[in-house]
Amino acid sequence: MFRRRESVPFSFVAEADRFRSNVTPPPRRRASRSQLAAHSLLGLTLVAGFAGSLLFGLPALDTERTPAHSQTSEASQHR
């Protein structure tokens, strides 16, 4: 059988890795003071939330302590 040759050479695919653009992107805009303050406040709020949940959650996970009072129903006391 005859092999059909490709009519368009695809050498540009191999050259695409070596291509460098001479167009530089515009410089990034610096965040304003209010944006920096907002980002800092959001970060502090998240950290405080995690710390608070850890602070209040650890005593509930403690298995060594027994409750100071046990709950019993009146029906079980009169048996």
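Computed from a prediction, not measured in an experiment: that's the story for all the values here.

> Run through the overall build of the protein chain, naming residues and quoting values.
Across its full length, the protein chain holds three helices and zero strands. Reading the secondary structure of the protein chain in the N-to-C direction produces α-α-α. Accessible area of the protein chain: about 9100 Å², with a carbon and sulfur share of 59%.

> So, helix α2 (residues 33-61): which residues are in play, and what are the values?
Counted at 1.5 Å a residue, the expected span for α2 with its 29 residues is 42 Å, and the 42 Å between its end C-alpha atoms agrees. Among the 29 residues in α2, one count as buried, and that is only a small part of the element.

> Help me get a handle on a nonpolar patch on the surface, residues and values and all.
Nonpolar side chains collect at one region of the surface, where Leu42, Leu46 and Phe50 lie side by side and expose about 350 Å² of accessible area between them. Examined against the element boundaries, Leu42 turns out to sit in helix α2. Judged by its relative accessible area of 54%, Leu42 falls in the exposed class.

The rules behind the values
Residues numbered from 1 in each chain as written. Predicted model: local features only at pLDDT ≥ 70, side-chain atom pairs only at ≥ 80, totals over all residues. Heavy atoms only, no water. Helix = DSSP H or I, 4+ residues; strand = E, 2+ residues; numbered from the N terminus. Areas by Shrake-Rupley, 256 points an atom, 1.4 Å probe, with all protein chains shown as cover. Expected span 1.5 Å × (residues − 1). Buried < 20%, exposed > 50% of the residue type's maximum accessible area, 1.4 Å probe, protein only. Patch = residues over 30% accessible without salt bridge, like charges linked within 9 Å, V, L, I, M, F, W, Y side chains within 5 Å. Salt bridge = Lys/Arg side-chain N within 4 Å of Asp/Glu carboxyl O.

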